[in-house]
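Structure at a glance
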Amino acid sequence: MVFAATKPRRVHLENARNLLWVLPVFALLAGVLVYPLASGLLLSLQRTTGSAQGEFVGLENYVEAVYGDGTFHQAVGNTVAFTVVAIVLQTGVGLLLAVLISEVRRGRLPYRMIFFAPVVLSAAAVGSVWQWMYAPYFGLFTNALAALGLTEVSSSLLASQSTALWAIMGAFVWRWAGFNTVIYLAGMQSIPKEYYEAAMIEGAGGLRRFRHITWPLLLPYTYTVVLLTTMGTLRIFDLMWIMTQGGPAHATETIATYIFTTAFRFLRIGYAQSLAFVLLALVALLTLLLTLTLRKRANQVVG
Amino acid sequence: MSRLLHRGARIQLLLHASLACLSVIWAYPVIWTLTNSLKTTGELYSAPWSLPNPPRLENIANAWMQGQLGLALLNSAYVTVVSVSLILLFAAPAAFGFARLKLPLHAVLGLAILVPLMIPSEIIMVPLFVMFRVLGLLNTREGLISLEVASGVAFASVVLTTFFRAVPRDLEDAARIDGAHSAQVLRHIILPLAGPGIAAVTVFESVFVWNDYFGPLILIQKPELFTVQLTIGNFSNFYATDQVVLFGGLAIAVVPPLVVFALLQRSFTDGLTIGASRY
């Protein structure tokens, strides 16, 4: 109580001193993040190629994006479809591998290492390797499918409009599943062994133990996996750009690849930036939605 | 009892068998790339499943020479080392300040630093490109480095702050009584004790910068400034008709990160799991 009068001033002084340590980062972010966002907002209201002074067109770019651009709508559809399937496969494969590994008593490390290894590889390397796995004649997948009598060795899954997006999904799952496995394995270590022992005494089988103990107690980790997958796939660019450049006939066009071609191939800089803000809105909306639904359920279980 | 044990052992055997199968499938794309890099074009087409016989290193040598991979590796190493050093140089003091900030500044700035994490770099690529062109930073290593630093520094600060907070306040107070000022406290008390945090940030920022494809794709057009990722991305176009050279190049791109990972695997899995939301 004696210090009550002096404390606020001391706090302010200390805050001011500590602020000095923090300022450089904010100065940097202001220059390379806030400024581009602000100038991007202006760009999105113009018709411009970026070099000369653009013509102010108000919300025309946004109206075109939302109502008039069929290719953009296809890109949004592809991105959302890819996101939904990626969520299912990433949680599914990640969890399956984690369950298998967690049941192993001795020698888990080599499995963990092998499944995690693709995470350290770049998108450019993974995309190129998988692109050639789908190549006609010598491609690994092409030969495997041909051996099963499903396709011709002269065909490629990446060349067909109906399969290209899902062929890229193969590379995506291969690259990230091991990462989710490690997250799930960390989660499984937090579940007390007594729960399983009690359930076994009650006579619950493996499947019931998974449904009533493992799955609900891992929900916070599932939330993490779903959120990270969603943030990654809504903006996905690299794998598509490397493997198909959005083709054939926009079958693998995502929002990010379409923004890139609009800006740097067709030089519609202003319009591309309005598409970028539509993407930002979509990211914000889905993140909010996920946080409200999944996280609430996850917290209920834990709390 | 013995029957129970027996059943347990059988289940373990089954588990190992299925995991071993899955591991082979998982490793196969890499194995396939490496074996292909040692084959002749004839072997590639006539015997896609078999091992190279005899294995030849000429594809790798050709890829190295023709693709200028040595230069690309050097460029990547330079950009990565400088970027990650700068990220730590900006983020460590910031985290030091953050860990000490009190309300109300703490709440306001704490929220402000989270905003960049929500904004994918794809959203600012166009204005950033325009800005870098005006500043003359296109086709420069400095431009690429500033982009990498800017997109890494916010998250590095957040992660380091949590590690710095875990350092006991008593140690710092004791040092201050002995007359140490803030910079000394940071250097001699906080940094050594927050070693795992620095290691984690170094690992995931290095992997992120080394692997980044998007940044260099936008900023770099000059071949002599290409990073490994750009070179590899272009390989498929340049060598579409000479696939064995292509696989030689891919082998050069794939092996080094895997070797580093195998040597440091624990700090890699830990660091990358902490750095998850950076991707």
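Parameters and conventions
- Residues numbered from 1 in each chain as written.
- Chains lettered and ligands numbered in written order.
- Predicted model: local features only at pLDDT ≥ 70, side-chain atom pairs only at ≥ 80, totals over all residues.
- Helix = DSSP H or I, 4+ residues; strand = E, 2+ residues; numbered from the N terminus.
- Rg over C-alpha atoms; globule rule 2.2 N^0.38 Å.
- Buried ≥ 20, exposed ≤ 12 C-beta atoms within 10 Å, placed from the backbone.
- Contact = placed C-beta atoms within 7 Å.
- Core = buried A, V, L, I, M, F, W, Y, C linked by C-beta atoms within 7 Å.
- Domains from an automatic or database assignment.
- Nonpolar A, V, L, I, M, F, W, Y, C, P; charged D, E, K, R; others polar.
- pLDDT = per-residue confidence, 0-100.
- Axes fitted to C-alpha atoms, helices over the stretch in contact; angles between N-to-C directions.
- Left-handed = near helix turned anticlockwise from the far one by under 90°.

Topic: the overall build of chain B
- From N to C terminus, chain B includes 14 helices and zero strands.
- When the helices and strands of chain B are read in sequence order from the N terminus, they spell out α-α-α-α-α-α-α-α-α-α-α-α-α-α.
- On C-alpha atoms alone, chain B measures out to a radius of gyration of 24 Å, which is more than a quarter above the 19 Å that the 2.2 N^0.38 rule sets for 279 residues.
- When its C-alpha atoms are laid out on the principal axes, chain B stretches across 75 × 75 × 35 Å.
- For chain B, the proportion of its 279 residues judged to be buried stands at 45%.
- Sequence separation of 24 or more characterises 79% of the internal contacts of chain B that already satisfy a separation of 6 or more.

Examining the nonpolar core
- In terms of nonpolar packing, the biggest core is built from 159 residues, with A:L275 and B:A91 touching the most fellow members.
- Looking at this core, you find at least three residues from each of domain 1 (16-56) and domain 2 (73-302) of chain A.
- Look past the residues within four positions of A:L275 in its chain and what remains in contact with it is A:A65, A:F72, A:I255, A:Y258, A:I259 and A:T262.

Description of the interface of chain A and chain B
- At the interface, 66 residues of chain A touch 66 residues of chain B.
- Ranked by residue count, the leading element in the side of chain A that touches chain B is helix α1 (residues 7-43) of chain A, at 18 residues.
- Class assignment for the residues of the side of chain A that touches chain B results in 50 nonpolar, 11 polar and five charged.

Overview of the domain arrangement of chain A
All names here are of chain A.
- Segmentation of chain A into domains returns domain 1 (16-56) and domain 2 (73-302).
- Centre-to-centre, using C-alpha coordinates, domain 1 lies 32 Å away from domain 2.
- Elements supplying a minimum of two residues to the side of domain 1 that touches domain 2: α1 and β1 (46-47).

What about unusual backbone geometry?
- With an omega of -10 degrees, the peptide bond between A:G247 and A:P248 qualifies as cis.
- For A:P248, the location among the structural elements is in the loop between α11 (238-243) and α12 (255-264).
- Even without a glycine there, the phi angle at A:Y137 is positive, about 70 degrees.
- Note that A:Y137 resides in the loop between α5 (123-133) and α6 (140-147).
- One non-glycine residue, B:N139, lies in the positive phi region at around 60 degrees.

Details of helix α8 (residues 193-201) of chain A
- Counting buried residues in α8(A) gives zero out of nine residues, a small share hidden from the surface.
- Directly beyond the C-terminal end of α8(A), a positive phi value near 90 degrees is found at A:G203.

Let's talk about the confidence of the model for chain A
Residue and element names in this part refer to chain A.
- Taken over all residues, the pLDDT of chain A has a mean of 87, while the share at 70 or more is 94%.
- Of all the helices and strands in chain A, α1 carries the lowest mean pLDDT, 82, while helix α3 (residues 70-103) carries the highest, 95.
- Here residues 1-5 is a poorly scored stretch, pLDDT under 50, and it has zero contacts once near neighbours within four places are set aside; other chains count.

Here's the deal with the packing of α5(A) against helix α13 (residues 243-263) of chain B
- Two numbers describe how α5(A) lies on α13(B): the axes approach to 10 Å, and their chain directions differ by 145 degrees. Crossing of α5(A) over α13(B) shows left-handed handedness. Along its contact with α5(A), which presents A:A125, A:S128, A:V129 and A:W132, the element α13(B) presents B:Q243, B:L250, B:A253 and B:V254.
- Considered class by class, the residues forming the contact of α5(A) with α13(B) number six nonpolar, two polar and no charged.

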